[in-house]
Amino acid sequence: MSARLNLVILGKQGAGKGTQCKRLSEHYAIPHVSTGDILRAAVKSGSDLGREVASIMDAGALVSDELVIRLVDERFKQPDAQRGALLDGFPRTLAQAEALEALLGDDGIKLCINLEVATSLVTERLSSRRVCQECGAIYKDTDIEAISGTCSNCGGDVIQRKDDQPEAIEKRLALYERDTAPLLDFYATRGLLVTIDGDQSPDDVTRAIELAVHERGLA
Ligand code: AMP
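Read on for a plain summary of the structure. All residue numbers refer to position in the chain's written sequence, counted from 1. Only residues with pLDDT of 70 or above have their local features reported here, since the model is predicted, and side-chain atom pairs are shown and tallied only from 80 upward, although totals for entire chains, interfaces and linings are computed over all residues. Excluding hydrogens and water, the side-chain figures rest on all heavy atoms present in the structure.

To continue, consider the site of the ligand. Taken together, 16 residues lie near the ligand, and Thr-35, Arg-40, Ala-61, Gly-89 and Gln-96 sit nearest. A 3.5 Å cut-off defines polar contacts: any pair of N or O atoms within that distance qualifies, except that in protein one atom must be a possible hydrogen donor and the other a possible acceptor, and neighbouring residues in sequence count only when both atoms are side-chain atoms. One of the side-chain N or O atoms of Arg-92 is found 3.0 Å from an oxygen atom in the ligand. Shrake-Rupley sampling with a 1.4 Å probe provides the accessible areas, and residues are treated as covered by the protein chains on show and by no other component. Against a free-state accessible area of 480 Å², the protein chains account for coverage of 96% of the ligand. In this text, helices come from DSSP runs of H or I with a minimum length of four residues, and strands from runs of E with a minimum of two, each type numbered from the N-terminal end. With 4 residues, helix α2 (residues 35-45) is the single largest residue contributor to the shell around the ligand. Neighbouring residues are identified by heavy atoms, a residue being near a molecule or strand if any of them is within 4 Å of it.

Strand order in this open sheet of 3 strands is β6-β5-β7, and the pairing throughout is antiparallel. Strands at the two margins of the open sheet, each flanked by one partner only, are β6 (138-140) and β7 (158-159). Two elements, strand β5 (residues 129-132) and β6, share 3 bridges in a ladder whose sense is antiparallel. Residue pairing for β6: Val-131 is matched across the bridge by Ile-138. Two strands pair if DSSP finds at least two bridges between them.

Ring pairs shown here join Phe, Tyr and Trp side chains whose ring centres sit within 6.5 Å, with only the six-membered ring taken for Trp; geometry is labelled stacked below 30 degrees between planes, edge-to-face above 60, and tilted in between. For the structure on display, the rule yields 1 aromatic pair. Here Phe-186 and Tyr-187 contribute two aromatic rings whose centre-to-centre distance is 4.9 Å and whose plane-to-plane angle is 85°, an arrangement assigned as edge-to-face. Only protein chains enter the accessibility calculation, which uses a 1.4 Å probe; a residue whose area is less than 20% of its type maximum is buried, one above 50% is exposed, and one in between is partly exposed. A residue is classified by how much of its surface remains accessible, and Phe-186, at 7% relative accessible area, is buried. Its relative accessible area of 2% is what places Tyr-187 among the buried residues. Any Lys NZ or Arg CZ found within 6 Å of a ring centre and within 35 degrees of that ring's normal is scored as a charge over the ring. Across the ring face of Phe-186, the terminal group of Arg-190 is positioned such that the distance to the ring centre comes to 3.6 Å.

Okay, here's the thing in structure tokens:
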């Protein structure tokens, strides 16, 4: 088994990257590194970084490459990331993918999993998505937790993310096509891309990812 299991999980917003990363993180005992989660935590804490990025995120725009690259660099230095990591929401541009290669050196990305889901389906998923502000649990607008506004997991407030509102969704998906979709070629030319149908049950998607990792002798 190779030293580090660094996996990139690609896919449109709402493709199920976060859900799958949480499961895979437990299975492989490597951290789920979501730049969106790191940035949201900074906004919540009211730090300088949080104040800098809040309005950019609410509008569904991208924060600068330089900033997210620095955050990921810091995260990779933490002890729990020494066996690898599941990258969710990063890289999102070619500049970020190149910086990631430089950062990881020889023990780089082992596989890039592309969760493929039609735009109409992710739009529907995102507009009905509600999240717990405390623990990050994800609900649908028809779930009791969304209707009552209270998370059954931790008692936190269940809300709709500002960037899950229609205008921001449209912007985020357009940015995905423009800036992130080219990464599919980037990883395909390196022989690292596996595309998985994200329109299956979460269990089936997890099984397909684990199989792809296993088939390459990575774990
Ligand atoms: P996500 O939860 O991955 O959809 O990220 C939420 C928001 O955080 C995005 O809409 C961006 O504003 C910002 N963000 C997260 N990751 C990145 C990234 N790799 N590059 C630039 N902006 C990012």
